[in-house]
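What follows is each chain in one-letter form.
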Amino acid sequence: MGDIVENETTFYSNAEVYWKEVPPTVDGMLGGYSSLSSIDINGSKAFLQKFLGEEEGKTGTSCALDCGAGIGRITKRLLLPLFSTVDLVDVTQEFLDKAKAYLGEDGRKVGNYICKGLQDFVPASGRYDVIWIQWVIGHLTDNHLVEFLRRCQKALRPNGLIIIKDNVSYEGVVPDEVDSSICRDLEIIHNLVSRAGLHILHEEQQKNFPKEIYQVYSLALR
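Residues numbered from 1 in each chain as written. Predicted model: local features only at pLDDT ≥ 70, side-chain atom pairs only at ≥ 80, totals over all residues. Heavy atoms only, no water.

## So, the pattern of salt bridges
Move 1: Under the definition given, this model contains seven salt bridges.
Move 2: Between Arg73 and Asp40 there is a salt bridge; the shortest N-O distance is 2.7 Å. With a gap of 33 residues between them, Arg73 in helix 4 (residues 73-79) and Asp40 in helix 3 (residues 37-48) connect regions that are remote in the sequence. By the burial criterion, Arg73 is buried, and Asp40 matches it.
Move 3: Ionic contacts of the salt-bridge type, sharing partners, join the residues Asp40, Arg73 and Lys165 into one network. (Salt bridge = Lys/Arg side-chain N within 4 Å of Asp/Glu carboxyl O. Helix = DSSP H or I, 4+ residues; strand = E, 2+ residues; numbered from the N terminus. Buried < 20%, exposed > 50% of the residue type's maximum accessible area, 1.4 Å probe, protein only.)

Pasting the structure below:
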């Protein structure tokens, strides 16, 4: 991807500038597609619940991490109803400040609000049953994504899972100058996951999204 991201520093700083201008609302988090939020959450819940449970080999429900959490849309609708504690990490402090109000009473189950870019973030070792990474891997360079996934693997509890849910291009890497991100095809994502030393347990495409937006895939990794 080196030829796509010519200046790493600018790639990250431009994204930070972009997100500082985005309103701290569900519509802002979804780029004007707030109508898709329920479809997205329902798809994520069905995907995640395949793995959760008390039985041997199942993933626990003590603690989850929401990466690129924004104002906490996924935390509120997906993670807090399923997990005892949820941590949020995002690069934009205003979003995390808004999350406290947006989550309301449910926010008492939040462990930590962490303001950091994922390229610099080191999750606590052995803390998480699930690390949820949605619509944010396009803001990391290939090397930083691989390194971040390796750090996430060390942060998992026994039988823990990393879930990536993101836009997938039809071929190659597609840059987005507006928010300073990239969209990778599935083969490239598979290669980066493999480089991180992770295995794909399950993968599926999100259904019922409009045709004019990117296809979206969920991958469960360990």
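## Concerning the pairing of strand 6 (residues 173-176)
Move 1: One ladder, built from four bridges, connects strand 6 with strand 7 (residues 181-184); its direction is antiparallel. Bridge pairing in strand 7 places Val173 opposite Arg184.
Move 2: In textbook terms, the turn of a hairpin is the stretch between consecutive antiparallel strands, and for strand 6 and strand 7 this stretch comprises four residues, one of which, Ser180, has a positive phi near 55 degrees. (Pairing = 2+ DSSP bridges.)

## Describing the side chain of Ser180
Move 1: One can find Ser180 in the loop between strand 6 and strand 7.
Move 2: Its relative accessible area of 10% is what places Ser180 among the buried residues.
Move 3: Ser180 has contacts with Thr10, Phe11, Asn14, Ala15 and His139, leaving out every residue within four places of it along the chain. (Contact = heavy atoms within 4.5 Å.)

## Quick look at the environment of Ser125
Move 1: Secondary-structure assignment places Ser125 in the loop between strand 3 (110-115) and strand 4 (128-134).
Move 2: Classification of Ser125 by relative accessible area gives exposed; the value is 65%.
Move 3: For the pair Ser125 and Gln153, spaced 28 residues apart in the sequence, the C-alpha separation amounts to 8.7 Å.
Move 4: Not counting chain neighbours up to four residues away, the residues in contact with Ser125 comprise Lys154 and Ala155.

## Regarding helix 6 (residues 142-154)
Move 1: Taking 1.5 Å of rise per residue, 13 residues should cover 18 Å, and helix 6 covers 19 Å from first to last C-alpha, within 8% of that figure.
Move 2: Here helix 6 has its buried residues at Asp142, His144, Leu145, Val146, Phe148, Leu149, Arg151 and Cys152.
Move 3: Here the buried face of helix 6 lies against helix 1 (8-20), strand 1 (63-67), strand 4, strand 5 (156-168), strand 7 and helix 7 (186-195). (Expected span 1.5 Å × (residues − 1).)

## Some words on the pairing of strand 9 (residues 215-221)
Move 1: Among the seven residues of strand 9, seven are classified as buried, and the element is accordingly described as predominantly covered.
Move 2: Of the two faces of strand 9, both are covered, the one formed by Gln215, Tyr217, Leu219 and Leu221 as well as the one formed by Val216, Ser218 and Ala220.
Move 3: Two elements, strand 5 and strand 9, share seven bridges in a ladder whose sense is antiparallel. Among the inter-strand pairings, Asn167 is bridged to a residue of strand 9, identified as Val216.
Move 4: Bridge count for strand 8 (residues 200-205) against strand 9 is five bridges, and the pairing is antiparallel. Opposite Glu204, over in strand 9, you have Ser218 as the bridge partner.

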